[in-house]
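Listed here are the chains, written in short residue letters.
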Amino acid sequence: MMASLHHPTSPFLFPWPSNANNKHGFYISRKAFPESGLMYGASSKPIPRAKRARPRSMTTLCSKKEDPKVDLPVGERLYLGLDFGTSGARFALIDKQGTIHAEGKREYPLYLNEETMDWARSWKDTLFLLLEDVPYYLRELTASISIDGTSATTLIVNSTTGEPLWKPFLYNESCSDALPTVKSIAPENHTVCSGSSTLCKLISWWNQEDSDKKSAILLHQADWLLWLLHGKLGVSDYNNALKVGYDPELDAYPSWLLSQPYSQLLPSVKAPGTSIGHIKEDIGSQYGFPKDCLVCTGTTDSIAAFLAARATQPGKAVTSLGSTLAIKLLSTTRIEDARFGVYSHRLDDKWLVGGASNTGGAILRQIFTDEQLVALSEKINPVEASPLDYYPLQTVGERFPVADPKMAPRLQPRPESDVEFLHGIFESIARIEAKGYSLLKELGATQVEEVFTAGGGAKNEKWTKIRERVLGLPVSCATQTEAAYGAALLALKGAQQNK
Ligand SMILES: Nc1ncnc2c1ncn2[C@@H]1O[C@H](COP(=O)(O)OP(=O)(O)O)[C@@H](O)[C@H]1O
Ligand SMILES: O=C(CO)[C@H](O)[C@H](O)COP(=O)(O)O
């Protein structure tokens, strides 16, 4: 299904100065260690507060004399983005020029109840740990907050208390039991006609749950985390709501969905980066955020990564090479075909066409440590094509560019040499990426001209060169590779629109 979108453009795409970068000698954290919450500066050694370099052009904004001064014009504010990805969460705190004043990362604490992970508790604790990782003297300058989360990660919560009524359905979980029902009500090959769609998860829950369903509401991971900060249940954004069936072109849920009994659980939908309300007074005072701090709607992690890359012209694309492989191509035409896991997110007056594969970094982390990846990558010759033909998956099931819940992982034969093995995995994932982009072209999307890379894999130069060779396109590392930066841009958008 193809359509062009004629909508009033909103300032979604930011023409940022290219020099937007980190403030040095400041609180620039590269890594957080969850057990201690200790933050490490760019020098990778703990920088005792007293020894931090004092940036120029001080503006005294902090009451406590030992706090460093903030290098911001008086009255300027900061904007906080939080990214809840597959393997961990991050924050980025920026000013209106897009300069990063602080950033940090937390891994999810493992809360296992008899082998079952309590994800809601882990995400909630991580949220408040990240708020505590924001330097105290910067929190009081924070004007707005936004959060991105993994797409189609779904919570069914109590519509009064917000407490989860069921274990969260993760982004790549397939509820194919509900697929026949979804296919019977939705248009052919609609985005929701995939086992991992939010609508399949909603219907699967609806069919299993026999308690009172009137007190339930559906939220996505980012929605629920934002609710913890603003306290208004039942608000989502049109990126997260896409896979439950929201139509971003109509700016409404379609009638075929609203006529269903479970439509009573659907959240209201706003554009990403729209102010929902102020931070809850108790949270604000406990963590030192000002009463006027806005909480704004978010987006999904791969769209936040696209926003961070600041790709603003059709034909530009971002591959999020994180735990999974998600590709996003800026297109003037909307493409949707669940047979291949292809869908389009709205971005301003254009479309982000793409899909998300279950291949990606997670399988790498299952086999190699990050340090081994660096050491082995150094020995790879990216000019040579690997003869190994894998389909690297952690478990059975693929979403894109083949939507097959029964697709099995293929990682044999394993060569003696780990360098050759890693080369084969990199090359095989690159082939999947190339197949994804060529499929988008076949389905009518704007021709891809350049690919920016976000996510943990973006830093691997050898992999980038392999991907350039396989894709036959220029591939570069996005200026900002963290989705948290994209979420911070949404917080900035919300604050600017609320003036
Ligand atoms: N040097 C490297 N080369 C290739 N991949 C890497 C490297 N370092 C980390 N990764 C991969 O990056 C992934 C984490 O990226 P990240 O964007 O944090 O993921 P997510 O947010 O999806 O959890 C890991 O799965 C890891 O395998
Ligand atoms: O793989 C994922 C988790 O990282 C998500 O599916 C990814 O966000 C892609 O979904 P979307 O295109 O809706 O953003």
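Residues numbered from 1 in each chain as written. Chains lettered and ligands numbered in written order. Predicted model: local features only at pLDDT ≥ 70, side-chain atom pairs only at ≥ 80, totals over all residues. Heavy atoms only, no water.

Draft legend 1. Looking closely at the pairing of strand β18 (residues 350–357). Across the 8 residues that make up β18, a large majority, 8, are buried. Side chains of β18 alternate between two faces, with K350, L352, G354 and A356 and W351, V353, G355 and S357 buried alike. As paired elements, strand β16 (residues 325–331) and β18 share 7 bridges and run antiparallel to each other. Residue L329 lies in a different strand from β18, and its bridge partner there is V353. Taken together, the 5 bridges between strand β17 (residues 343–347) and β18 define a ladder with antiparallel strand orientation. (Buried < 20%, exposed > 50% of the residue type's maximum accessible area, 1.4 Å probe, protein only. Helix = DSSP H or I, 4+ residues; strand = E, 2+ residues; numbered from the N terminus. Pairing = 2+ DSSP bridges.)

Draft legend 2. Highlighting the side chain of S344. Counting through the fold element by element, S344 comes out in strand β17. For S344, the side chain forms a polar contact with the main-chain oxygen of I335, separated by 2.6 Å. Among all residues touching S344, those that are not within four sequence positions of it are L242, R334, I335, W351, L352 and V353. (Polar contact = N/O pair within 3.5 Å; in protein donor to acceptor, adjacent residues only side chain to side chain. Contact = heavy atoms within 4.5 Å.)

Draft legend 3. Region of interest: the UniProt feature "domain: Carbohydrate kinase FGGY N-terminal" (unreviewed entry) in the protein. Under the UniProt annotation, the feature "domain: Carbohydrate kinase FGGY N-terminal" (unreviewed entry) is placed at residues 78–307. Taken as a whole, residues 78–307 contains 28% helix and 27% strand, while its terminal C-alpha atoms sit 18 Å from one another. (UniProt positions renumbered as here; feature names shortened; annotations may be inferred.)

Draft legend 4. Local environment of the confidence of the model for the protein. Here the protein shows a mean pLDDT of 88. Residues at 70 or above account for 86%. Below a pLDDT of 50 lies the segment residues 1–12, which in the model reaches 42 contacts outside its immediate sequence neighbourhood of four places, other chains included. In this model residues 14–66 is a low-confidence stretch, pLDDT under 50, and it forms 112 contacts with partners more than four residues away in sequence or in other chains. As a predicted assembly, this complex carries a pTM of 0.85 together with an ipTM value of 0.96. (pLDDT = per-residue confidence, 0-100.)

Draft legend 5. Structural detail: the site of ligand 1. Neighbouring ligand 1 are 19 residues; S87, R90, S323, G361 and G456 lie closest to it. With respect to ligand 1, the side chain of S87 contributes an N or O atom lying 2.5 Å from an oxygen atom. One nitrogen or oxygen atom from the main chain of A362 is found 3.4 Å from an oxygen atom belonging to ligand 1. When ligand 1 sits alone it has 580 Å² of accessible area, and the protein chains cover 92% of it. Of all the secondary structure elements, the ones that give two or more residues to the shell around ligand 1 are α9 (361–367) and α10 (370–378). (Near = heavy atom within 4 Å. Areas by Shrake-Rupley, 256 points an atom, 1.4 Å probe, with all protein chains shown as cover.)

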